[in-house]
Amino acid sequence: MDKTKILIVDDELIMRESLSGWLKRDGHVVVSAASGEDAMRMLKNSRFDILLVDIKMEGMSGLDVLRLVKESDPDVAVVMITAYGSISTAVEAMKKGAYDYLLKPFDPDALGVLIDKITEHQAQARENIFLREQYQERTRFESMIGQSIAMQKIFDMIEDVGPMESTVLISGETGTGKGLAAKAIHTKSSRSGGPFVAVNCGAIPGHIMESELFGHQKGAFTDAKETKKGRLEMAHGGTLFLDEIGEISMRMQIDLLHVLEDRVFYRVGGTQPHEAYFRVIAATNRNVEDAVKQGVLREDLYYRLNVVSFRMPALRERKEDIPLLAEHFLHRFSQETNKPVKMITREAIDDMMLYEWPGNVRELENAVERAVVVGKGPSIMPQDLPIFCHENVQHSRHRSLSEVEKAHIFDILRECGWNISKSAQILSIDRSTLYSKIKRYNLEKPT
Amino acid sequence: MPGNRNVKNVQEHIIISPIGHLDPHLIRQVVQEVHRITGYDALAASVLQDVDFAFEPSRDQHCSTPILEKLADAAPPGAVKILAICSVDLFIPILTFVYGEAQLGGKACIISTHRLSEGLGTARSDIFIRRVVKEAIHELGHTFNLRHCKDHNCCMHYCRTIKDVDRKTHHLCRYCKVLLEDEMKSMSKI
């Protein structure tokens, strides 16, 4: 678990020492300031999660510290420490944004519970910001699905890699489920209680990327009306997933490398260094070695990211998973659209098996969704899948002769309304040969 | 395993220092457990006669911080750590009370039995002895630079209530054991 950084602001040495000692034994990183002025100087150079501030101090008061801190970083939790006589001031501080107050001397139980509560709230807040933003994007996959050997190897890899802290680089074509694999690694890791923050580097315009990743201070640029946290800060304590890493600019690659090495960054327009501890999982649909050779991806960043790497197989490399995936999507979309579509016909599945799926699982998902929406009956028929009309079915050189033959016989049979004589005539084979091929390829007339 | 540690320098030991009258059986139990956990020889010896100097009349309690300073100063040669056990109620200025206090990564620590008999009456009991042993190991762990542990069963778990003390064991979890070994290795290099 990452340590909470706490700043104690109290002008009494004995109070600072006893509180600091207790909090350090509790495993926190603790720094003390003897005055409000000292605290503000420290806050310019470092960020803290929690401030414990004595209300009555010589010079700058605790309320002054509270006001200035809340102006510059509203997410810092400020707890006021007060003597019995000044509870009314503590209540006033609560109205001005203090998280809570503690009455000196306080019960060790009260302090421990309060620190735990703040830490949990801050972790939740980071996760919530991310979830709110993610809510608008449609979830493409609910979980990874696959019984093929290729996918079993991926599952084994995720089991092994998950608990490690290493950076992971996932390659694979668009739509193969790199994001799902990243999420699965996060779930298997010790950081699973923390946030999983995804950044699609290819979808965010270059000029916005810096602010998206690092956040910005209010007034940093014309549209910066409020101070905003970047994805790096949101990922603190969890996992940062950098999708399509090959698409970011060289300048951003340098900044990113710096963060990965030092864990320190600055918000756009800010001078205060921020620290964030997260695991990085990166993904790309490019051939990464080629990208490095071509100078598109920095070599040092590549080596920093490529501690553990694996490739997600294309759907055409694991066609045996197609029926399972199609059933999964059918179930999901029939529920979502409230349409009683119960099954996919054998013919439709056969067509799916013959198709090359250049858009991979995402394309299959879209095809099933469309079929559920436009289909009229209780089953998905080949005609509900317009991508399988002749011009769209790819006669790729990757397909075997038997696959091409099966598809061709099926198409002719369908065109001839399963008239065997007519089909055999078009195919220039005799009827008995056609019957044997229908049997060998398990072709069935749609019901 | 720390418990199997072969202490090369026979002069190195941990002192268990009772302050005031405390049950000798209780002290023997603490001595045994300290040796088991750390591998160091543990010796019972009175280092401080009383802690009157730390009494705070306004709170009717004793402040543990100056006691630790005195203990560290009074530690005889060869004493790598010193654990005091007293029966008076302890506090640190910011808190209402503490079960004990330790110098993190330092030499001295202290525990009080004052609040450890809660709910047990006056008779000596095994539960009371177990509580004292757990708090003794806990504070001594801090002197070996161990922090509070999230594992509810680990002796380094921070206990908010006496029920928490009863629930945790007098053992260290595997992580704290490793950290203790690391600390002892680094001490032997100095």
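1. A few points about the overall build of chain A
Point 1. Looking only at helices and strands, one finds 18 helices and 16 strands in chain A.
Point 2. What you see for chain A is a C-alpha radius of gyration of 30 Å, clearly larger than the 22 Å of a compact globule of 447 residues, by over 25%.
Point 3. Taken along its principal axes, the extent of the C-alpha atoms in chain A is 105 × 50 × 45 Å.
Point 4. In chain A, which comprises 447 residues, the share counted as buried stands at 51%.
Point 5. Sequence separation of at least 24 residues holds for 70% of the intrachain contacts in chain A that already meet a minimum separation of 6.
Point 6. Here chain A has roughly 21,500 Å² of accessible surface; of this, 51% comes from carbon and sulfur atoms.
Point 7. Here chain A contributes 58 positively and 66 negatively charged side chains, and the mean placements of these two sets differ by 4 Å.

2. Topic: the confidence of the model for chain B
Point 1. Overall, the predicted model of chain B reaches an average pLDDT of 89, with 92% of residues at or above 70.
Point 2. Contacts of residues 1-10 of chain B to residues separated by more than four positions or lying in other chains number 20 contacts, the stretch itself having pLDDT below 50.

3. Here's the deal with the sheet that holds strand β4 (residues 61-63) of chain B
Residues and elements named next belong to chain B.
Point 1. With mixed pairing, the 3 strands of this open sheet are ordered in space as β3-β4-β6. What marks the edges here is a single partner per strand, and that holds for β3 (55-56) and β6 (90-91).
Point 2. Sheet analysis places β3 next to β4, joined by 2 bridges and oriented antiparallel. Residue Glu56 lies in a different strand from β4, and its bridge partner there is Gln61.
Point 3. Lying on the sheet, helix α2 (residues 64-74) is in contact with β4 and β6; it crosses β4 at an angle near 50°.

4. Structural notes on helix α13 (residues 322-337) of chain A
All names here are of chain A.
Point 1. For α13, with 16 residues, the first-to-last C-alpha span of 22 Å sits near the 22 Å given by 1.5 Å per residue.
Point 2. For α13, the complete set of buried residues consists of Ile322, Leu325, Ala326, His328, Phe329, Leu330, Arg332, Phe333 and Ser334.
Point 3. Of the surrounding secondary structure, the elements contacted by the buried residues of α13 are β15 (343-344), α14 (346-354), α15 (360-374) and β16 (379-380).
Point 4. One or two residues past the end of α13 sits Asn338, with phi positive at roughly 60°.

5. Observations concerning the sheet that holds strand β5 (residues 79-86) of chain B
Picture the strands of a sheet paired through backbone hydrogen bonds; they go either parallel or antiparallel.
Residue and element names in this part refer to chain B.
Point 1. An order of β2-β1-β5-β8-β7 is seen for the 5 strands of this open sheet, with the pairing classed as mixed. The two strands at the open ends of the sheet, each matched to only one other strand, are β2 (41-44) and β7 (100-102). In this sheet, neighbouring strand axes are inclined to one another by 15° on average, regardless of whether the strands run parallel or antiparallel.
Point 2. As paired strands, β7 and strand β8 (residues 108-112) are joined by 3 bridges and run antiparallel to one another.

6. What about the interface of chain B and chain A?
It is common to give the size of an interface as the accessible area lost on bringing the parts into contact.
Point 1. Listed by partner, the interface residues are 16 residues for chain B and 20 residues for chain A.
Point 2. Across the chain B/chain A interface, buried area totals approximately 1,800 Å², and carbon plus sulfur atoms make up 64% of it.
Point 3. On the chain B side of the contact with chain A, B:Ile94, B:Leu95 and B:Arg160 bury the most area, a combined 36% of that side's loss.
Point 4. Connecting chain B to chain A are 2 salt bridges.
Point 5. Measuring nitrogen to oxygen at the nearest pair gives 3.9 Å for the salt bridge that ties A:Arg25 to B:Glu101.
Point 6. Run the count over chain B and chain A and you get 7 residue pairs in polar contact (both at pLDDT 80 or more).
Point 7. In terms of residue class, the side of chain B that touches chain A is built from 8 nonpolar, 3 polar and 5 charged.

7. Remarks on the packing of aromatic side chains
Between two aromatic rings, the relevant description is the distance of the centres plus the angle of the planes.
Point 1. Inspection of the entire model under this criterion finds 9 aromatic pairs over all chains.
Point 2. Between the NZ or CZ atom of B:Lys70 and the centre of the ring of B:Phe53, over which it lies, the distance is 4.7 Å.

8. A closer look at the side chain of B:Gln61
Residue and element names in this part refer to chain B.
Point 1. If you trace the backbone, Gln61 turns up in strand β4.
Point 2. Residue classification places Gln61 among the buried positions, given a relative accessible area of 7%.
Point 3. Of note is the side chain of Gln61, whose polar atom sits 3.2 Å from the side chain of Arg59.
Point 4. In this structure the side chain of Gln61 is engaged in a polar contact, spanning 3.1 Å, whose partner is the side chain of Asp89.

9. Side note on unusual backbone geometry
Residue and element names in this part refer to chain A.
Point 1. The omega torsion across Lys104 and Pro105 is -20°, close enough to zero to call that bond cis.
Point 2. Relative to the helices and strands, Pro105 is located in the loop between β5 (100-103) and α5 (108-135).
Point 3. The backbone of Arg263 shows a phi angle near 65°, a positive value even though the residue is not glycine.
Point 4. Turning to its location among the elements, Arg263 is positioned in the loop between α10 (250-262) and β11 (264-266).
Point 5. Notably, Trp357 is not glycine yet its phi reads approximately 50°, a positive angle.
Point 6. The residue Trp357 is located in the loop between α14 and α15 in this model.

Thresholds, definitions, all that
Residues numbered from 1 in each chain as written. Chains lettered and ligands numbered in written order. Predicted model: local features only at pLDDT ≥ 70, side-chain atom pairs only at ≥ 80, totals over all residues. Heavy atoms only, no water. Helix = DSSP H or I, 4+ residues; strand = E, 2+ residues; numbered from the N terminus. Rg over C-alpha atoms; globule rule 2.2 N^0.38 Å. Buried < 20%, exposed > 50% of the residue type's maximum accessible area, 1.4 Å probe, protein only. Contact = heavy atoms within 4.5 Å. Areas by Shrake-Rupley, 256 points an atom, 1.4 Å probe, with all protein chains shown as cover. Lys, Arg positive; Asp, Glu negative; His and termini not counted. Charge placed at Lys NZ, Arg CZ, Asp CG, Glu CD. pLDDT = per-residue confidence, 0-100. Pairing = 2+ DSSP bridges. Axes fitted to C-alpha atoms, helices over the stretch in contact; angles between N-to-C directions. Expected span 1.5 Å × (residues − 1). Buried area = accessible area lost by both parts, 1.4 Å probe. Salt bridge = Lys/Arg side-chain N within 4 Å of Asp/Glu carboxyl O. Polar contact = N/O pair within 3.5 Å; in protein donor to acceptor, adjacent residues only side chain to side chain. Nonpolar A, V, L, I, M, F, W, Y, C, P; charged D, E, K, R; others polar. Phe/Tyr/Trp six-rings, centres within 6.5 Å; stacked < 30°, edge-to-face > 60°. Lys NZ or Arg CZ within 6 Å of the ring centre and 35° of its normal.

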